[in-house]
Each structure stands twice: as structure tokens, then as C-alpha cells.
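Summary of the model geometry
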Amino acid sequence: MGISIYVGNLSFDSNEQAIRKLFEQYGTVHSVKMIEDRDTGRSRGFGFVEMDADAANAAIQALNGKDLDGRALKVNEARPREARPPKRW
């Protein structure tokens, strides 16, 4: 299993193929997941890329702050999702 990388500050025009191509320069990309708004289906401006450890570290070093579609990317190792309290109706 690889390392999950957080990719933030994405343009709403960025797509999975562009992200995959960008990260493949540093090694094999196992998966790319763009996060979309549940209601509108529109990009929320961030996503996750999974790569092997060495490739992931190289990509994080090289791509954090790099310009893509006019936006400076925020790239770092993803942190586990924090548990949210249940919704109260």
C-alpha cells in the first residue's frame, strides 16, 4: 500500500488526468481521487493521490507550491480523517 498525498488549492478546471500526469513524473500513481461537492458534483478544489513512499516524498518535495492552472498547489502527506460528531437533526 502506498502513501496518500493531499493535493489542495486546485483550480476547478483541474481534472484527474492532469493530476495523474503531473504526479507520474515522480513514480507510479496508484490512484487519484478528486473530491466533489455532494450536492452540485463540482470540484471542491482538492483531492488525493496515492503513490509508493519514495515517489510520494519526491512528488511532495517537487510539487508543493508549484503552479497548476494558475494556482499554487498545496501538496503534503495526507493526515487521517478526523472523526466528526454525528449530525443532529
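Residues numbered from 1 in each chain as written. Predicted model: local features only at pLDDT ≥ 70, side-chain atom pairs only at ≥ 80, totals over all residues. Heavy atoms only, no water.

Here we take up the overall build of the protein. Helix and strand counts for the protein come out as two helices and six strands. Secondary structure elements in the protein, listed N-terminal to C-terminal, are β-α-β-β-α-β-β-β. Viewed in the frame of its principal axes, the protein has a C-alpha envelope of about 45 × 30 × 20 Å. The burial tally for the protein puts 33% of its 89 residues in the buried class. Of all intrachain contacts in the protein linking residues separated by at least 6 positions in sequence, the fraction that spans at least 24 positions is 61%. (Helix = DSSP H or I, 4+ residues; strand = E, 2+ residues; numbered from the N terminus. Buried < 20%, exposed > 50% of the residue type's maximum accessible area, 1.4 Å probe, protein only. Contact = heavy atoms within 4.5 Å.)

Here we take up the nonpolar core. Core analysis: the biggest nonpolar cluster contains 20 residues, and I5, V7, I19, F23, V49, M51 and V75 have the highest contact counts within it. For this core, the secondary structure elements donating two or more residues are β1 (3-8), α1 (16-24), β2 (29-36), β3 (43-51) and α2 (53-63). At five residues, α2 tops the list of elements feeding residues into this core. The contacts of M51, once residues within four sequence positions are left out, are G2, I3, I5, F23, Y26, G27, T28, V29, H30, A56 and A59. (Core = buried A, V, L, I, M, F, W, Y, C linked by side-chain atoms within 4.5 Å.)

Let's shift gears to the layout of surface pockets. Looking at the largest pocket, its volume works out to about 660 Å³. Contributing elements (two or more residues each) for the lining of the largest pocket: β2, β3 and β6 (74-77). Looking at the lining of the largest pocket residue by residue, the classes come out as six nonpolar, one polar and ten charged. (1 Å grid on protein atoms, 1.4 Å probe; cavity = no way out; pocket = protein on both sides within 12 Å on 5 of 7 lines; lining within 4 Å. Points joined across faces, edges and corners; volume = space filled by probe spheres on them. Nonpolar A, V, L, I, M, F, W, Y, C, P; charged D, E, K, R; others polar.)

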